[in-house]
Amino acid sequence: MPATPLLDKVRYPDDLKKIDDRDLPQLAAELRAEMVDAVSRTGGHLGAGLGVVELTIAIHKIFDTPHDRLIFDVGHQCYPHKILTGRRDRIRTLRQEDGLSGFTRRAESEYDPFGAAHSSTSISAGLGMAVAAELDGKSRNVIAVIGDGAMSAGMAFEALNNAGALDARLIVILNDNDMSIAPPTGAMSAYLARLASGRTYMGIREVGKKLTAYLGKTVDRAITRAVEHARGYVTGGTLFEEMGFYHIGPIDGHSFDHLLPVLRNVRDNAKGPVLIHVVTQKGKGYPPAEAAADKYHGVNKFDVITGAQAKAKPNAPAYTSVFADALTLEASLDDKIVAITAAMPSGTGLDRFASVHPSRCFDVGIAEQHAVTFAAGLAAEGYKPFAALYSTFLQRAYDQVVHDVAIQGLPVRFPIDRAGFVGADGPTHAGSFDTTYLATLPGFVVMAAADEAELKHMVRTAAAYDDGPISFRYPRGEGVGVELPERGEILEIGKGRVIKQGSKVALLSFGTRLADCLLAAEDLDAAGLSTTVADARFAKPLDHDLIRQLARHHEVLITIEEGAVGGFASHVLQFLAEEGLIDGGLKVRPMIMPDVWMEQAKPEAMYTRAGLDRAGIVSTVFKALGQKRGVGLGAAG
Ligand SMILES: Cc1ncc(C[n+]2csc(CCOP(=O)(O)OP(=O)(O)O)c2C)c(N)n1
Ligand SMILES: CC(=O)[C@@H](O)[C@H](O)COP(=O)(O)O
Ligand SMILES: [Mg+2]
């Protein structure tokens, strides 16, 4: 553990107030060392937090948190904040089962006034809090810290637009490190780079005049000095000013000489909305992070000296890379195929696709809503767009899926990554709802891959399917190790497959629980319960013949999926009820994710807790047959 004599004196932000400004750089160095050591043991989001060490210290030093509200956008940069707000003793439990969340969380601390993990929400939430303070007649500062990547999202602009019009007393700190997870894309990013390079600066005398006019005569001359020092200036006529914000910066986000006077003056004098443009470096202060292309955005456990990250030896290729390689192959054979990512090129594997088909891959920034409607436009013109999104982020674009894609019957393809539990990122990132919200839409084809070979088939099937929207889901992590075909096959739409025929119990799987079903079937067969295992492949359209056959020739029918209530099982139950197939006493048990927010843990542990594993399946069958067995949360009985 690093020696941290100064940091040891700071448990809460009040302790910071006693530390002399001149000692803050030392405190920052110790805070960085503590964070690097902690994340080297847990893994997690490192680069973003390293970049905001000085900013976090300065905010807590100047403002009166938690009375003043400090909101971090996304929240992945909040580790220094957690260390300074009473959570240092648990910082080495970050993202572990029963440990600290990797994001801000209201339930975790009064210093986290707003939970996050999805991006671009901080200005809206901050505005709500600022307006609430005004309505309550309370004097309170509200500070939203938002990155340049998060600032590219539409929601951030909706909030700026509203804040400017309301003239609310809100402080937005734009933390511009010129990075998203990947290098940022888009005109906004280029605009910020122009601002940061100072090309649109005003003369320093005008800076002083402008600050005085806005902040009143009390303006601290140190601001002018700080700004001058930073070789950045208060800019005139910026987009933010046009939207009603008072815009300060760019200033050096690693210099307390720049941060402290600006924050003090804004705290003491600001009236309406203010935007402080702070320039920082992602990964700052830890050489391996500074040197890495992704600035150590998200890392596994690593060696602090070398920066080398632990890599588990995979038994099988990751679903993401199987998807990316399959799509790359299909695109080589069909020049109408294009791919879209919303700021997740490496996470979705589309960086691999882009290396072969650069002109047919579009990173639209953190803009899921736009990504979907952009895909709809491409589809309307005869292209075959694959809008590759994580299940959890597709939630943000639901109206676009309904209104722009589904109602118009446009053949947009939705590869849905991170379906099911994702582990350390916890409930904000779990892919729980996509089957529910997609399979309810008329005309949508909804598939789930049972293994990596099936995923290849589904990529090819989606490429070949032109009659309307189609989705296929697959989880985070590696496949099950099945043999992979050179190229996927085109699946018959709405047809499942029987993997193993039995006679008493039927296990009908949708997705990658199939492997556990096969293991459970071994146990059930051994117990004298002859078990059929089927892979539904489709939640919509359902394979009616298959379900009829399972219902008519078995005593127990179990459905299982990595999704919430309202998904595959609901469609099966609806069909069974409509056809009268449960009237004769068939014992149907839907196995789904439990109706709770499942906390972070290793994915396998989460599935066990949910009862969605081999033991949970066996137990559910026995319970259905009237025998008691211990089950997890999600197992129906
Ligand atoms: C709605 C949504 N889409 C995508 C993501 C994935 N994501 C997390 S952090 C991040 C990049 C954020 O960049 P920026 O705001 O500049 O913060 P930095 O990491 O540079 O500090 C992305 C794309 C997300 N959290 N939320
Ligand atoms: C904060 C955020 O949203 C991303 O960094 C996310 O944690 C990435 O998840 P994966 O590691 O599954 O790509
Ligand atoms: Mg950034």
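Residues numbered from 1 in each chain as written. Chains lettered and ligands numbered in written order. Predicted model: local features only at pLDDT ≥ 70, side-chain atom pairs only at ≥ 80, totals over all residues.

Caption draft 1: Structural context of the overall build of the protein. Across its full length, the protein holds 26 helices and 17 strands. Against the 2.2 N^0.38 benchmark of 26 Å for 637 residues, the protein shows a C-alpha radius of gyration of 27 Å, consistent with a compact globule. Projecting the C-alpha coordinates of the protein onto the three principal axes gives extents of approximately 85 × 55 × 50 Å. The long-range fraction of contacts in the protein, counting pairs at least 24 apart against all pairs at least 6 apart in sequence, stands at 76%. (Helix = DSSP H or I, 4+ residues; strand = E, 2+ residues; numbered from the N terminus. Rg over C-alpha atoms; globule rule 2.2 N^0.38 Å. Contact = placed C-beta atoms within 7 Å.)

Caption draft 2: Expanded view of the environment of V322. With respect to the secondary-structure elements, V322 resides in helix 14 (residues 319-333). The buried category is assigned to V322, around which 25 C-beta atoms lie within 10 Å. Between the C-alpha atoms of V322 and A48, which are 274 residues apart in sequence, the distance is 29 Å. If we skip the residues at most four places from it in the chain, V322 touches P317, E452, L455, K456 and G479. (Buried ≥ 20, exposed ≤ 12 C-beta atoms within 10 Å, placed from the backbone.)

Caption draft 3: Focus on the site of ligand 1. Every one of the 24 residues lining ligand 1 counts as a neighbour, but A48, S119, G147, G149 and A150 are closest to it. Counted by class, the shell around ligand 1 contains 10 nonpolar, 10 polar and four charged residues. (Near = placed C-beta within 6 Å. Nonpolar A, V, L, I, M, F, W, Y, C, P; charged D, E, K, R; others polar.)

Caption draft 4: Local environment of the site of ligand 2. Within the structure, ligand 2 sits among H45, V74, H76, I181, G298, G347, R418, V422, D425 and R476. In terms of residue class, the shell around ligand 2 is built from three nonpolar, four polar and three charged. Mapping the shell around ligand 2 onto the domain boundaries places at least three of its residues in each of domain 1 (7-291) and domain 2 (319-473). (Domains from an automatic or database assignment.)

Caption draft 5: Here's a closer look at the UniProt feature "domain: Transketolase-like pyrimidine-binding" (unreviewed entry) in the protein. UniProt feature "domain: Transketolase-like pyrimidine-binding" (unreviewed entry): in the numbering of this structure it lies at residues 317-482. The span residues 317-482 is 43% helical and 17% strand by assignment, and the distance between its end C-alpha atoms comes to 10 Å. (UniProt positions renumbered as here; feature names shortened; annotations may be inferred.)

Caption draft 6: Spatial organisation of the packing of helix 6 (residues 122-136) against helix 7 (residues 154-166). At a closest axis distance of 8 Å, the pairing of helix 6 and helix 7 adopts a crossing angle of 25°. Taken together, the axes of helix 6 and helix 7 lie roughly parallel to each other. Of the residues in helix 7, those touching helix 6 at I123, S124, L127 and V131 are M155, A156, A159, L160, N162, A163 and L166. By residue class, the composition of the contact of helix 6 with helix 7 is nine nonpolar, two polar and no charged. (Axes fitted to C-alpha atoms, helices over the stretch in contact; angles between N-to-C directions. Parallel < 35°, antiparallel > 145°, perpendicular 65-115°, else oblique.)

Caption draft 7: Summary view of the UniProt feature "binding site: thiamine diphosphate" (unreviewed entry) in the protein. Here the UniProt feature "binding site: thiamine diphosphate" (unreviewed entry) sits at H76, A117, H118, S119, G149, A150, N177, Y286 and E368. Of the residues just listed, which span 293 residues, the most distant C-alpha pair is 32.0 Å apart, and they do not cluster in one region. Residue position: H118 is located in the loop between helix 5 (79-87) and helix 6. By the C-beta count within 10 Å, which is 21 here, H118 ends up buried. Apart from residues no more than four positions distant in its own chain, H118 is found in contact with F393, R396 and T428. Excluding anything up to four places from it in sequence, E368 contacts A342, L389, F393, L394, R396 and A397.

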